[in-house]
Amino acid sequence: MKKLFIAEKPSVAQQFADALKVKGSRKDGYIEDDSYIVTWCVGHLVAMSYPDAYDEKLKRWSMDTIPFVPDSYKYEVIPAVSKQFKVVSGLLNRDDVDTIYVCTDSGREGEYIYRLVDKQAKVSDKKDKRRVWIDSQTEEEILRGIKEAKPLSEYDNLGCAAYLRAKEDYLMGINFSRALTLKYSYPIKQYLGVDKCVIAVGRVMTCVLGMVVKREREIREFVSTPFYRVVGHINDGMFDAEWKAVEGSKYFGSPKLYKENGFKERADAEELIAYCSEEQPIKMVIESINRKTEKKNPPMLYNLAELQNDCSRMFKISPSETLNIVQELYEKKMVTYPRTDARVLSSAIAKEIDKNIRGLCNYQSLGGYAQNIINQGGYKGISKSKYVNDKLITDHYAIIPTGQGLGQLGKLTSIQAKVYDIIVRRFLSIFYPAAEYKKIAITLKCRTEQFSASFKVLSKPGYLMIADPRLMAKMNGDKTEEKTEDKDENKEDSKDSQEDMVATEEVMEYLDKLKKGMEMDCSGFDIKEGKTNPPKRYTSGSMILAMENAGQLIEDEELREQIKGSGIGTSATRDSIITKLVNNKYIQLNKKTQVLTPTFLGEIIYDVVLYSINGLLRADLTASWEYGLSGVAEGTITEDEYMTKLRDYVEKYTNAVKEVRNQNQMHFIFDKTKPYYKKGK
């Protein structure tokens, strides 16, 4: 009898064949020798059938045929990959195959891909089906996954959640898209002068559209407010101190203030300067000096969302491009599984993490740091740190380098090499000590008014030596290093709060000599004019993070705590949601800046949904659906409970759209006085 291994794609199947030392030749759709058969899907081989597969009448969009919620669901082989399905189906049902190892991606979607094939191929339950769950594609990890493979039945809840997610997207997409299109497409077509207009909506897609549109409208409606800050020049300009209205100030609690460190009107700032300048020469007395050391710990490891955000910000590539790159690195055995929400390591991998570090000793740019970790034993206490926590891991631990596959470095593209490099830097950072800053905060008194300043200087770089390549280059005397970080988009004169100033050694030495009660000379004052800024538009990367942390957008504290950790979509799907919105021409993605903005059509679709099925725009509702799917996967919510809620929701809101008869509502949606209508027209 033979063992059959089924992977998600050909390249992964080849990795398994290599690990198993399968000596047979590659055949049409599989590899086989005397003991093993290795085959593969090509992504999805089976999909849910369209409504007309249930009844030919459902092919035509009509209000009479919705809501459409079948009692049982039909599936069919995707025509484009029917040949491979036939191969896989035949292998799964071969009499000489007694054990099936499911090696599709270790997650909800990978589970769904196999189970659809299994069901469509009608594979006997008498066969021993086992689930291989791995975190990387190194030979060692593959063999471990095969050895420790559990019965597929232990993942039935995960499989159930996968089926429900697909049914949810299917029912909402079909019913809501048909209902809204039939109700509202005619006036949209008339207004835009187009022949066709399908209003495509979805559980996640429409919520993301709502976030982009709402942010754009906040920016559009924002009215900038000027403010005026006063700074004094101390000891011939050695440093500047900023005024603040503290208790005892003649302006404390005054309606003239903008926050506590500025004025709404320039005249009031000038009045303050005149008051402080009445006595010449101007003197200030030191009220307090606070000296301390501040530590900055290495950041948590990368999950997919934060990696996508950093790549969007640093390299100006989209989340889809980032996922494709890290997936390729995964398949080259260079990094661990990419589609993860976790930012920590598991206790199991922590016990042997030195293997990853030892492998990186051969990584030219950072090998010396890896070797130092090994020599100093910096990895030995990692299990007791915040970077290891099994409770924060669902399917996979964080994205880290395996330490293997370094021979592939020369074959990587420039952007692939950059992405790999920041993953390695983030990983090695956690084995180095915190960076330390020497900080000095000083307050001075001028008559009744207080001025203050705070300074910091990096005293011990710690992990920043690895994490920040600019710092490494600077300390090595290289002044031409490439900058990977963006400049702050907010100009200095737009700052509305005091920040620590990065001081020179000369300034810090001067400040070290100061004592409480000393009198300082002030050579004069300046007014720093600023203005309030509108909220920033989402970038592709910041949107990914916003989707991941959607639960934080919920105002209700009890609900927010209940679905804490639940986001919009999953790490495997968030990038595709943005891509779909762009392809539908609902939003635009600036490829140079990665900034997202809604299109004119996108704003119309937003209004249509807002006045019909506004729950699709709510982050709390969308996150709660994802929370429910997690409950199904964990076994705390039953399939029937979830399906009942889903069926009721779809039927309720589909019928609500069908019953709209008020033409005033349509006129309100298509109100031509709205600013974006004028712009769009």
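On a predicted model such as this, the values are computed, not experimentally measured, just so you know.

What's the story with the overall build of the protein in this structure? I'm lost.
For the protein, the count of helices and strands is 24 helices and 20 strands. Counting only C-alpha atoms and orienting by the principal axes, one finds that the protein spans roughly 100 × 75 × 40 Å. Across the 681 residues of the protein, 53% fall into the buried class. If you take every contact in the protein between residues at least 6 apart in sequence, the share linking residues at least 24 apart comes to 77%. Total accessible area on the protein is roughly 32800 Å²; 48% of this is exposed by carbon and sulfur atoms. The distance from the centre of the 104 positive side-chain charges to the centre of the 100 negative ones in the protein is 3 Å.

Explain helix 5 (residues 156–192) to me, please; I cannot follow it from the model alone.
Each α-helix turn comprises 3.6 residues. Residues three or four places apart therefore point the same way. Its maximal kink placed at Tyr 184, helix 5 deviates by approximately 55°, while the proline Pro 187 follows within four residues. Among the 37 residues in helix 5, 29 count as buried, and that is most of the element. After helix 5 finishes, the residue Gly 193 shows a positive phi value of roughly 70°.

It is not clear to me how the pairing of strand 8 (residues 128–131) should be interpreted in this structure. Could you clarify?
The side chains of a regular strand alternate between both faces of the sheet. Residues of strand 8 alternate between two faces, with Lys 129 and Arg 131 buried on one and Asp 128 and Arg 130 left unburied on the opposite face. Relative to strand 8, strand 7 (residues 97–103) runs parallel, the two sharing 4 bridges. Within strand 8, the residue paired with Thr 99 across the bridge is Asp 128. This β-α-β element, strand 7 to helix 3 (residues 108–121) to strand 8, shows right-handed connectivity. Across 2 bridges, strand 8 lies against strand 9 (residues 150–151) in antiparallel orientation. Paired with Arg 131 across the bridge in strand 9 is Lys 150.

For this particular structure, what's the right way to read the pattern of salt bridges?
Oppositely charged side chains are able to pair whenever their charged atoms sit close together. Taken as a whole and assessed by the stated rule, the structure comprises 50 salt bridges. Note that Arg 131 is salt-bridged to Glu 111, the shortest N-O span being 2.7 Å. Here the residue Arg 131 occupies a position in strand 8, and Glu 111 occupies one in helix 3, the gap between them amounting to 20 residues. On the basis of relative accessible area, Arg 131 is assigned to the buried category, the value being 1%. Glu 111 sits in the buried class, given a relative accessible area of 1%. Taken together, the shared-partner salt bridges connect Arg 108, Glu 109, Arg 165, Glu 168, Asp 169, Arg 203 and Glu 626 into one network.

Explanation requested: the sheet that holds strand 3 (residues 30–32) in the structure shown.
Backbone hydrogen bonds hold the strands of a sheet together, and the pairing may be parallel or antiparallel. Ordered by their spatial adjacency, 7 strands build an open sheet running 2-3-4-1-7-8-9, and the pairing between neighbours is mixed. Taken across any chain shown, the strands that pair with only one partner, and hence form the sheet edges, are strand 2 (26–27) and strand 9. Both strand 3 and strand 4 (residues 36–40) contribute to a ladder of 3 bridges, which runs antiparallel. Bridge pairing in strand 4 links Glu 32 to Ile 37. Strands in contact with helix 3 are strand 1 (2–7), strand 7 and strand 8; relative to strand 8, the strand with the most contacts, it is inclined by about 165°.

Sorry, what's going on with the environment of Ser 540 here?
Here Ser 540 lies in helix 17 (residues 540–548). In this structure, the C-alpha to C-alpha distance between Ser 540 and Ile 317, residues 223 residues apart in sequence, is 8.6 Å. Residues within four places of Ser 540 in sequence aside, it is in contact with Ser 312, Ile 317, Ser 318, Pro 319, Ile 578, Leu 589, Gln 594 and Leu 596. One polar contact links Ser 540 to Ser 312, side chain to side chain, over a distance of 3.1 Å.

Help me out: how do you make sense of the nonpolar core in this one?
Nonpolar side chains in soluble globular proteins tend to end up buried together. Ranked by internal contacts, the top residues of the largest apolar core, which has 94 residues, are Leu 92, Leu 180, Ile 199, Met 543 and Ile 568. The contacts of Ile 568, once residues within four sequence positions are left out, are Val 204, Cys 207, Val 208, Met 211, Met 547, Ala 550, Arg 574, Ala 619 and Thr 622. In this structure, Phe 16, Ala 17, Tyr 420 and Leu 428 belong to the second largest nonpolar core, which totals 78 residues.

Help me understand the packing of helix 17 against helix 19 (residues 574–583) in this model?
The axes of two packed helices give the description: the angle between them and the distance between them. Viewed as axis vectors pointing N to C, helix 17 and helix 19 meet at an angle of 125°, and their least axial separation amounts to 10 Å. Of the possible angle classes, the one that applies to helix 17 and helix 19 is oblique. Of the two possible hands of crossing, helix 17 and helix 19 adopt the one that is right-handed. Together, Ser 540, Met 543, Ile 544, Met 547 and Glu 548 of helix 17 and Arg 574, Asp 575, Ile 577 and Ile 578 of helix 19 make up the contact between the two elements. Looking at the contact of helix 17 with helix 19 residue by residue, the class counts come to 5 nonpolar, 1 polar and 3 charged.

Which parts of the structure should I look at to understand unusual backbone geometry?
For residues besides glycine, phi is generally negative; the peptide bonds are generally trans as well. With omega at 5°, the peptide bond leading from Ile 66 into Pro 67 counts as cis. Of note, Pro 67 is situated in the loop between strand 5 (46–48) and strand 6 (75–77). Cis peptide bonds are those with omega within 30 degrees of zero, and the linkage from Gln 280 to Pro 281 qualifies with -10°. At Asn 235, a residue that is not glycine, the phi angle is positive and equals roughly 50°.

What am I meant to see in the packing of helix 3 against helix 5 here?
In contact at an axis separation of 9 Å, helix 3 and helix 5 are set at 90° when each is read in the N-to-C sense. On the basis of their axis angle, the class for helix 3 and helix 5 is roughly perpendicular. Together, Arg 108, Glu 109, Glu 111, Tyr 112, Arg 115, Leu 116 and Lys 119 of helix 3 and Asp 156, Leu 158, Gly 159, Ala 161, Ala 162, Tyr 163, Arg 165 and Ala 166 of helix 5 make up the contact between the two elements.

I keep staring at the packing of aromatic side chains and nothing clicks. Help me out?
What describes a pair of aromatic rings is the distance from one ring centre to the other and the angle between the planes of the rings. Evaluation of the coordinates by the stated rule reveals 23 aromatic pairs. For the pair Trp 133 and Tyr 155, a centre-to-centre distance of 5.2 Å together with 15° between the ring planes defines the contact as stacked. Here the residue Trp 133 occupies a position in the loop between strand 8 and helix 4 (139–147), and Tyr 155 occupies one in the loop between strand 9 and helix 5, the gap between them amounting to 22 residues. There is no split in this pair, since Trp 133 and Tyr 155 are both buried. Between Trp 243 and Phe 263, the aromatic rings sit 4.8 Å apart at their centres with planes inclined by 10°, giving stacked as the arrangement. Placement of Trp 243 in strand 11 (residues 239–244) and of Phe 263 in strand 13 (residues 262–263) is noted, with a sequence separation of 20 residues between them. In this pair, the class of Trp 243 matches that of Phe 263, namely buried. Feature note: the residues Phe 176, Trp 625, Tyr 642, Tyr 649 and Tyr 653 constitute an aromatic cluster, connected by ring pairs. Just above the ring of Tyr 54 sits the side chain of Lys 74; from NZ or CZ to the centre is 5.3 Å. Just above the ring of Tyr 437 sits the side chain of Lys 456; from NZ or CZ to the centre is 4.7 Å.

Conventions used here
- Residues numbered from 1 in each chain as written.
- Predicted model: local features only at pLDDT ≥ 70, side-chain atom pairs only at ≥ 80, totals over all residues.
- Heavy atoms only, no water.
- Helix = DSSP H or I, 4+ residues; strand = E, 2+ residues; numbered from the N terminus.
- Buried < 20%, exposed > 50% of the residue type's maximum accessible area, 1.4 Å probe, protein only.
- Contact = heavy atoms within 4.5 Å.
- Areas by Shrake-Rupley, 256 points an atom, 1.4 Å probe, with all protein chains shown as cover.
- Lys, Arg positive; Asp, Glu negative; His and termini not counted.
- Charge placed at Lys NZ, Arg CZ, Asp CG, Glu CD.
- Bend = angle between axes of the 7 residues up to and from the residue.
- Pairing = 2+ DSSP bridges.
- Right-handed = clockwise from strand over helix to strand, strands pointing away.
- Salt bridge = Lys/Arg side-chain N within 4 Å of Asp/Glu carboxyl O.
- Axes fitted to C-alpha atoms, helices over the stretch in contact; angles between N-to-C directions.
- Polar contact = N/O pair within 3.5 Å; in protein donor to acceptor, adjacent residues only side chain to side chain.
- Core = buried A, V, L, I, M, F, W, Y, C linked by side-chain atoms within 4.5 Å.
- Parallel < 35°, antiparallel > 145°, perpendicular 65-115°, else oblique.
- Left-handed = near helix turned anticlockwise from the far one by under 90°.
- Nonpolar A, V, L, I, M, F, W, Y, C, P; charged D, E, K, R; others polar.
- Phe/Tyr/Trp six-rings, centres within 6.5 Å; stacked < 30°, edge-to-face > 60°.
- Lys NZ or Arg CZ within 6 Å of the ring centre and 35° of its normal.

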